[in-house]
Amino acid sequence: MTATDRSVELITTAAQAAADKLAHDIIAYDVSDVLSITDAFLLASAPNDRQVKSIVDEIEERLNKELGTKPVRREGDRDARWILLDYVDIVVHVQHSEERVFYALERLWKDCPELDLPADAKATRGKAAEHAKVQDAEEDAELRGELR
């Protein structure tokens, strides 16, 4: 069994919305062969809680406006470290970058086929690592400045 056309349409729209809000490392998996509860997972991350929430809000708004669908469940809003949107056909996970590394959902689903995503979403691959390098360099420079 493979993800339905509807699921792919939802994933594509959600991935583009996440990319438009500057999400990092957007990837989607067809989990329909291993899970009976949903067809696909979309994973995305952001370097701070505010951006996690912004990405989730944009995904929810776009899916509602463009495809007329709302999530049946939304979890994780309080801390905004890992917000889950359950649309039954797909499940969207938007995580803070630290949670993304810690929980490593890609490792769990790596045997599932990846779904093709819009070019903007594909271009986000590796952005979390780039951001971490910049942050580390800025922190190092700040520390050197304080020590002098």
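Just so we're clear, the structure is a prediction, and the values are computed from it rather than from any experiment. (Residues numbered from 1 in each chain as written. Predicted model: local features only at pLDDT ≥ 70, side-chain atom pairs only at ≥ 80, totals over all residues. Heavy atoms only, no water.)

*Asks:* What am I meant to see in the overall build of the chain here?
*Replies:* Assigned secondary structure in the chain consists of six helices and five strands. Going from N to C terminus, the chain has its helices and strands arranged as α-β-β-α-β-β-β-α-α-α-α. Burial analysis of the chain (148 residues in total) assigns 45% to the buried set. Long-range pairs, those at least 24 residues apart, make up 65% of the contacts in the chain with a sequence separation of at least 6. (Helix = DSSP H or I, 4+ residues; strand = E, 2+ residues; numbered from the N terminus. Buried < 20%, exposed > 50% of the residue type's maximum accessible area, 1.4 Å probe, protein only. Contact = heavy atoms within 4.5 Å.)

*Asks:* Even after reading the chapter, I still don't get the side chain of Ser-45, so can you show me in this structure?
*Replies:* Of note, Ser-45 is situated in strand S2 (residues 40-46). When neighbours within four sequence positions are excluded, Ser-45 is seen to be in contact with Ala-23, His-24, Asp-25, Ile-55, Gln-95, Ser-97 and Arg-100.

*Asks:* Before we go on, may I ask you to explain the pairing of strand S4 (residues 82-86) in this structure?
*Replies:* Extensive coverage of S4 is indicated by the burial of four of its five residues. Across three bridges, the pairing between strand S3 (residues 73-75) and S4 is antiparallel. Residue pairing across strands places Arg-73 opposite Asp-86, the latter belonging to S4. Linking two consecutive strands that pair antiparallel, namely S3 and S4, is a turn of six residues; a positive phi of about 95° is found at Gly-76 within it. In this structure, S4 lies alongside strand S5 (residues 90-96), joined through five bridges in antiparallel fashion. Residue Leu-85 lies in a different strand from S5, and its bridge partner there is Val-92. Hairpin geometry of S4 and S5 is characterised by an intervening segment of three residues between the two adjacent antiparallel strands and by a positive phi of about 70° at Val-88. (Pairing = 2+ DSSP bridges.)

These figures capture arrangement, not role.
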